[in-house]
Amino acid sequence: MMKKEFAVIGLGRFGGSIVRELMSQGAQVMAIDHSSERVDEFASIATQAVIADSTDESVLNSLGIRNFEHVIVAIGEDIQASILTTIILKEIGVEQITVKAQNDYHEKVLRKIGADFVVHPERDMGIRIANNMLSNTVLDYLELSDEHSIMELKANDAIAGYSIMDLDIRAKYGINIVGIKRGADIIVSPQASDKILLGDIMLVIGADVDINRFVKKALNG
């Protein structure tokens, strides 16, 4: 199986962390930045590290950027450079483009010009931390849209010993348990008859308001 190939443009904190994680997962990564210092830092980390101006179409073409399956635009404060880079990548024909947005207005522009995925690292991390602080039952949080999420919820005494059918979560709260982590094991698509044990980690999907209602009433009630 061929390794997946990614290009990451912008090697600040966010872009750098993506490069390191992709490399640790066995992917091939071209790391790109206009700063020679940042590129030098990733020369021994990424598959290839290149000093380049991503707002120059001829430069991106010379790097063969079109051949990468997924390009991540992680440019920091320069919103204009982020937008121009995204436009060029789209025109070149890059298959998938993920872009870091600075704010909601930036996101609207990115979506209009064709970015496939838009992320708000600071906002998303803030939401995750807030959820973790508000409840010791919320272990992790992944935003699927503005209104829907997947959350990891830790089962406590309030629901331990009951089956999914007994809890009737779908009917009462409009959410679904799509998986249960039990120690080193993971139960995918658990049956209605499966019991929740103390300490189980439930992967719950649904609307944020419904998940929060379940957390407050069933877990923290």
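The structure this text deals with has already been given above.
Residues numbered from 1 in each chain as written. Predicted model: local features only at pLDDT ≥ 70, side-chain atom pairs only at ≥ 80, totals over all residues. Heavy atoms only, no water.

Chemist: Even after reading the chapter, I still don't get the overall build of the chain, so can you show me in this structure?
Modeler: For the chain, the count of helices and strands is nine helices and 11 strands. Looking at the chain alone, contacts between residues at least 24 apart form 53% of all its contacts between residues at least 6 apart. A total accessible area of about 12400 Å² is found for the chain, and carbon and sulfur atoms account for 52% of it. (Helix = DSSP H or I, 4+ residues; strand = E, 2+ residues; numbered from the N terminus. Contact = heavy atoms within 4.5 Å. Areas by Shrake-Rupley, 256 points an atom, 1.4 Å probe, with all protein chains shown as cover.)

Chemist: Please clarify how the side chain of Asp 33 should be interpreted in this entry.
Modeler: Within the secondary structure, Asp 33 sits in strand β2 (residues 28-33). Residue contacts for Asp 33: discarding those within four places in its chain leaves Gly 10, Leu 11, Arg 38, Val 39, Val 50, Ile 51 and Ala 52.

Chemist: Got a minute to help me understand the side chain of Thr 86 in this structure?
Modeler: The topology assignment puts Thr 86 in helix α4 (residues 79-92). On the accessibility criterion, Thr 86 (0% relative accessible area) is buried. Contacts of Thr 86, omitting those with residues within four sequence positions, involve Val 73, Ile 97, Val 99, Leu 110, Ile 113 and Ala 115. (Buried < 20%, exposed > 50% of the residue type's maximum accessible area, 1.4 Å probe, protein only.)

Chemist: When you look at the packing of aromatic side chains in this model, what are you seeing that I'm missing?
Modeler: Here the distance between the centres and the angle between the planes together describe a pair of aromatic rings. According to the stated counting rule, one finds one aromatic pair in the structure shown. Seen from their ring centres, Tyr 173 and Phe 214 are 5.2 Å apart, and the 70° between their planes marks the pair as edge-to-face. Of this pair, Tyr 173 sits in helix α8 (residues 169-173) while Phe 214 sits in helix α9 (residues 208-219), placing them 41 residues apart in sequence. Comparing Tyr 173 with Phe 214 shows no difference in burial state: the two are buried. (Phe/Tyr/Trp six-rings, centres within 6.5 Å; stacked < 30°, edge-to-face > 60°.)

Chemist: Explain the sheet that holds strand β5 (residues 96-100) here, please?
Modeler: The strands making up a sheet are joined through hydrogen bonds of the backbone, oriented either antiparallel or parallel. Taken in spatial order, the six strands line up as β3-β2-β1-β4-β5-β6 in an open sheet, and their pairing is parallel. The two strands at the open ends of the sheet, each matched to only one other strand, are β3 (48-51) and β6 (117-119). Between one strand axis and the next, the sheet turns through 15° on average, direction left out of account. Against the sheet, helix α1 (residues 13-24) engages β1 (5-9), β2, β4 (70-73), β5 and β6, with an angle of about 165° to β1. (Pairing = 2+ DSSP bridges. Axes fitted to C-alpha atoms, helices over the stretch in contact; angles between N-to-C directions.)

Chemist: Quick question: what am I supposed to make of the nonpolar core here?
Modeler: Proteins that are soluble and globular tend to have nonpolar side chains buried together. Leu 60, Ile 65, Val 71 and Leu 89 are the most contacted members of the largest nonpolar core, which has 25 residues in total. Sort the elements by how many residues they give to this core and α4 lands first, with five residues. With sequence-adjacent residues up to four places away left out, Leu 60 is seen in contact with Ile 9, Ser 54, Ile 65, Ile 88, Leu 89 and Ile 92. Counting 19 residues, the second largest nonpolar core, distinct from the first, contains Met 151, Met 202, Val 215 and Ala 218. (Core = buried A, V, L, I, M, F, W, Y, C linked by side-chain atoms within 4.5 Å.)

Chemist: Could you clarify how one ought to interpret α1 in this entry?
Modeler: The periodicity of an α-helix, 3.6 residues per turn, causes residues three or four positions apart to be oriented the same way. Spanning 12 residues, α1 covers 17 Å between terminal C-alpha atoms, matching the ideal 16 Å at 1.5 Å per step. Along α1, the residues classified as buried are Gly 15, Gly 16, Ile 18, Val 19 and Leu 22. Viewed along the axis of α1, the buried residues span an arc of 160°, placing them on a single side of the element. Seen from the buried face of α1, the exposed residues on the opposite side, beyond 90 degrees, are Arg 13 and Ser 24. Against β1, β2, α2 (36-42) and β4 lie the buried residues of α1. (Expected span 1.5 Å × (residues − 1). Arc of directions from axis to C-beta.)

Chemist: What is the right way to look at the environment of Ile 150 in this model?
Modeler: Looking at the element boundaries, Ile 150 is found in strand β8 (residues 148-154). Once the C-alpha coordinates of Ile 150 and Asn 176 are considered, the two residues, 26 residues apart in sequence, prove to be 9.7 Å apart.

Chemist: Explain the layout of surface pockets to me, please; I cannot follow it from the model alone.
Modeler: Where empty space is left becomes clear once a probe the size of a water molecule has been rolled over the atoms. What the second largest pocket holds in volume is close to 410 Å³. Along the walls of the second largest pocket sit 25 residues, with Gly 10, Arg 38, Ala 74, Ile 75 and Gly 76 positioned nearest its centre. Mapped by element, the contributors of at least two residues to the lining of the second largest pocket are α1, β2 and α6 (121-134). For the lining of the second largest pocket, the element with the most residues is α1, which contributes four residues. Across the lining of the second largest pocket, the residue classes tally to eight nonpolar, nine polar and eight charged. (1 Å grid on protein atoms, 1.4 Å probe; cavity = no way out; pocket = protein on both sides within 12 Å on 5 of 7 lines; lining within 4 Å. Points joined across faces, edges and corners; volume = space filled by probe spheres on them. Nonpolar A, V, L, I, M, F, W, Y, C, P; charged D, E, K, R; others polar.)

Geometric values such as these leave the question of function open.
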